[in-house]
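Observations on chain architecture
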Amino acid sequence: MAKEKTVYVCAQCGYESPKWQGRCPACGEWNTFKEMTVRTAKSAPAWGGHGGAEAKPIQLSSVSAEEEPRIDMHDQELNRVLGGGLVPGSLVLIGGEPGIGKSTLLLQTILGLTERRVLYASGEESERQIKLRADRVKAAVGENVYLLCETRIEQILTHCKNIQPELLVIDSIQTMSVEGVESSPGSITQIRESAAALLKYAKENAVPVLIVGHITKQGSIAGPKVLEHIVDAVLQFEGDRHYFYRILRSIKNRFGSTSELGIYEMRAEGLRPVDNPSELLLSQQKQELSGIAITAAIEGVRPFLIETQALVSTAAYGTPQRSATGFDLRRLNMLLAVLEKRVGFKLVQKDVFLNIAGGLRVADTAMDLSVIAAVLSSNVDTAIDSTTCMCGEVGLSGEIRPVSRIEQRIAEAQKLGFRRILVPENNVKGINLKLFHGIDIVPVARVEQALRELFG
Ligand code: TYD
Ligand code: MG
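What counts, and at which threshold
- Residues numbered from 1 in each chain as written.
- Chains lettered and ligands numbered in written order.
- Predicted model: local features only at pLDDT ≥ 70, side-chain atom pairs only at ≥ 80, totals over all residues.
- Heavy atoms only, no water.
- Near = heavy atom within 4 Å.
- Polar contact = N/O pair within 3.5 Å; in protein donor to acceptor, adjacent residues only side chain to side chain.
- Helix = DSSP H or I, 4+ residues; strand = E, 2+ residues; numbered from the N terminus.
- Nonpolar A, V, L, I, M, F, W, Y, C, P; charged D, E, K, R; others polar.
- Buried < 20%, exposed > 50% of the residue type's maximum accessible area, 1.4 Å probe, protein only.
- Contact = heavy atoms within 4.5 Å.
- Arc of directions from axis to C-beta.
- Phe/Tyr/Trp six-rings, centres within 6.5 Å; stacked < 30°, edge-to-face > 60°.
- Pairing = 2+ DSSP bridges.
- Axes fitted to C-alpha atoms, helices over the stretch in contact; angles between N-to-C directions.

1. A closer look at the site of ligand 1
- Taken together, 15 residues are adjacent to ligand 1, and Gly 99, Ser 103, Thr 104, Arg 267 and Gly 270 come closest.
- Gly 101 places a polar main-chain atom, nitrogen or oxygen, 3.0 Å from an oxygen atom of ligand 1.
- At 2.6 Å from an oxygen atom of ligand 1 is found a main-chain nitrogen or oxygen belonging to Gly 270.
- No other element matches the 3 residues that helix H2 (residues 102-112) contributes to the shell around ligand 1.
- Residues that form the shell around ligand 1 fall into these classes: 4 nonpolar, 5 polar and 6 charged.

Next up, the structure:
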């Protein structure tokens, strides 16, 4: 007799509770509890459960620490986001909104992996549709790629026994189901059981498994959140549909850094890795316009220059609007307050719109200084010299605080032909100025001072 019990799981954070609750005690979200059935240990699920051979304690010192060679995905962006290639036996979730390009990315990647046998299991598209997509990305289809249109995990794993793939792709986890689990595909129970089965397969056979998971704008599908706890790495594929750039971001990675970023451009013939993001992120305006400031930013290990655009106008209605695309709105409000208090600019009656070029979301605090500069530039309608860029975190008292990897930022600016860069004063002490020629390094300690440098 299968023993089943009902638990309630928070769709936001995966918190489990024996009874339904209106508000999740862990993440504080309202109305996120969903019912799911779990099997007790005695009734192992159809795929066999985690059981099997009993584990024995061993001495840590006797564990070999030699790193397994990683699998080169033949895509520098993907390799970097994975932390230097795919780890054998790892379970990686690629999350993203529907239509963002997850299937395209994975298909393109496996078509490029000609030396490895790959099984692409799809519950979303027919063989013909996948073939059409493969033709579209114009990759030569090698002998090593196997397609399987199947939604039952047991069947997929049975085929794996025969084909012995070196990489398994599951597109998508929401369409998969495990036999003997009552709920429908896409429910938390099915997603969890399917993922657990895939995890077991990955670990036992040392075959890496890439799982596609859809998330909606509101993040309302429980799956990927619950999945995040199970998988080794979570990569998020994001981007604005109105832009052609797609960003692959690592949110969780047991084998690498989570601040890595991969940038792609979606073209009619598939995704193109962008190795020089600055080219895309600067709008290449020839004439100087007000409201634009350029930051020497860093995401992960990669420096790039990115444009901040601001528009400040007199508020038409009582309450002024503040809106930010690609930048934290609270941080914008904080910076506007600093600008008011420390520099004395009256922004109370002004609408402020802020936009980071390319629809990119950058978490680098070195953006602060350019946000302030762009806002002021728009407010006084004076352009900032287009060969000047800057970086610096702004503190509440208007001080400019040091940023990480300053040399890399300066080097990137120099490479792209910038003549002048404003850097936090506290950063300058550590830099070997002799390394940089043809770029003027201007140390600034306070916002007022930076603005004087920019606007005279
Ligand atoms: P898809 O990979 O199907 O998205 P997902 O798997 O995340 O749901 O990508 C779908 C979008 O990508 C679709 O709107 C068409 C576009 N696309 C291109 O622009 N170029 C291409 O070469 C391909 C294959 C798709
Ligand atoms: Mg898809």
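Once you've had a look at it, read on.
2. Here's the deal with H2
- Buried residues dominate H2, accounting for 9 of its 11 residues.
- Among the residues of H2, Lys 102, Ser 103, Thr 104, Leu 105, Leu 106, Leu 107, Thr 109, Ile 110 and Leu 111 are the ones counted as buried.

3. Brief notes about the environment of Glu 127
- If you trace the backbone, Glu 127 turns up in helix H3 (residues 127-136).
- Exposure remark for Glu 127: the relative accessible area of 44% places this residue in the partly exposed category.
- When residues no more than four places from it in sequence are discounted, the contact partners of Glu 127 are Leu 147 and Cys 149.

4. So, H3
- Taken as a whole, H3 has its buried residues at Ile 130, Arg 133 and Ala 134. The arc enclosing the buried residues of H3, seen along the axis, measures out at 100°, which places them on a common side. Turned more than 90 degrees away from the buried face of H3, the exposed residues are Arg 128 and Arg 136.
- Those residues of H3 that are buried are in contact with H2, strand E5 (118-122) and strand E6 (145-149).
- At the exit of H3 stands Lys 138, carrying a positive phi of roughly 55°.

5. Things to note about the packing of aromatic side chains
- A complete count under the given rule lists 2 aromatic pairs for this structure.
- Taking the centre distance of 6.4 Å and the plane angle of 85° together, the rings of Tyr 15 and Phe 33 count as edge-to-face. In this pair, Tyr 15 is assigned in the loop between strand E1 (4-10) and strand E2 (16-17) and Phe 33 in strand E3 (residues 33-39), connecting sequence segments 18 residues apart.
- Consider the rings of Phe 237 and Tyr 264, whose centres lie 5.9 Å apart with planes at 80°: the pair is edge-to-face. Note that Phe 237 is positioned in strand E9 (residues 233-238) and Tyr 264 in strand E11 (residues 261-267), a separation of 27 residues in sequence.
- Taking relative accessible area as the criterion, Tyr 264 reaches 1% and is therefore assigned buried.

6. Examining the environment of Ile 439
- Note on placement: Ile 439 falls in the loop between helix H11 (425-428) and strand E21 (440-444).
- Setting aside chain neighbours within four positions, we find Ile 439 in contact with Ile 410, Ala 413, Gln 414, Phe 418, Arg 419, Arg 420 and Ile 421.

7. So, the sheet that holds E11
- Read from one edge of the open sheet, 9 strands run E6-E5-E7-E8-E4-E9-E10-E11-E12, paired in mixed fashion. The open sheet has two edge strands, E6 and strand E12 (270-273), and neither has a second partner. In this sheet, neighbouring strand axes are inclined to one another by 25° on average, regardless of whether the strands run parallel or antiparallel.
- Pairing geometry for E5 and strand E7 (residues 167-171), over 5 bridges, is parallel. Paired with Ser 122 across the strands is Asp 171, a residue of E7.
- Along the sheet face, helix H4 (residues 153-163) touches E5, E6 and E7 and points at about 160° away from the line of E5.

8. Structural notes on the pairing of strand E10 (residues 245-253)
- With respect to burial, E10 is a largely interior element, 7 of its 9 residues being buried.
- Judged from the 6 bridges that link them, E9 and E10 form a sheet pairing that is antiparallel. Pairing of Leu 235 across the sheet is with Ser 250, part of E10.
- Pairing between E10 and E11: 5 bridges, direction antiparallel. Bridge assignment links Leu 248 to a residue of E11, and that residue is Gly 262.

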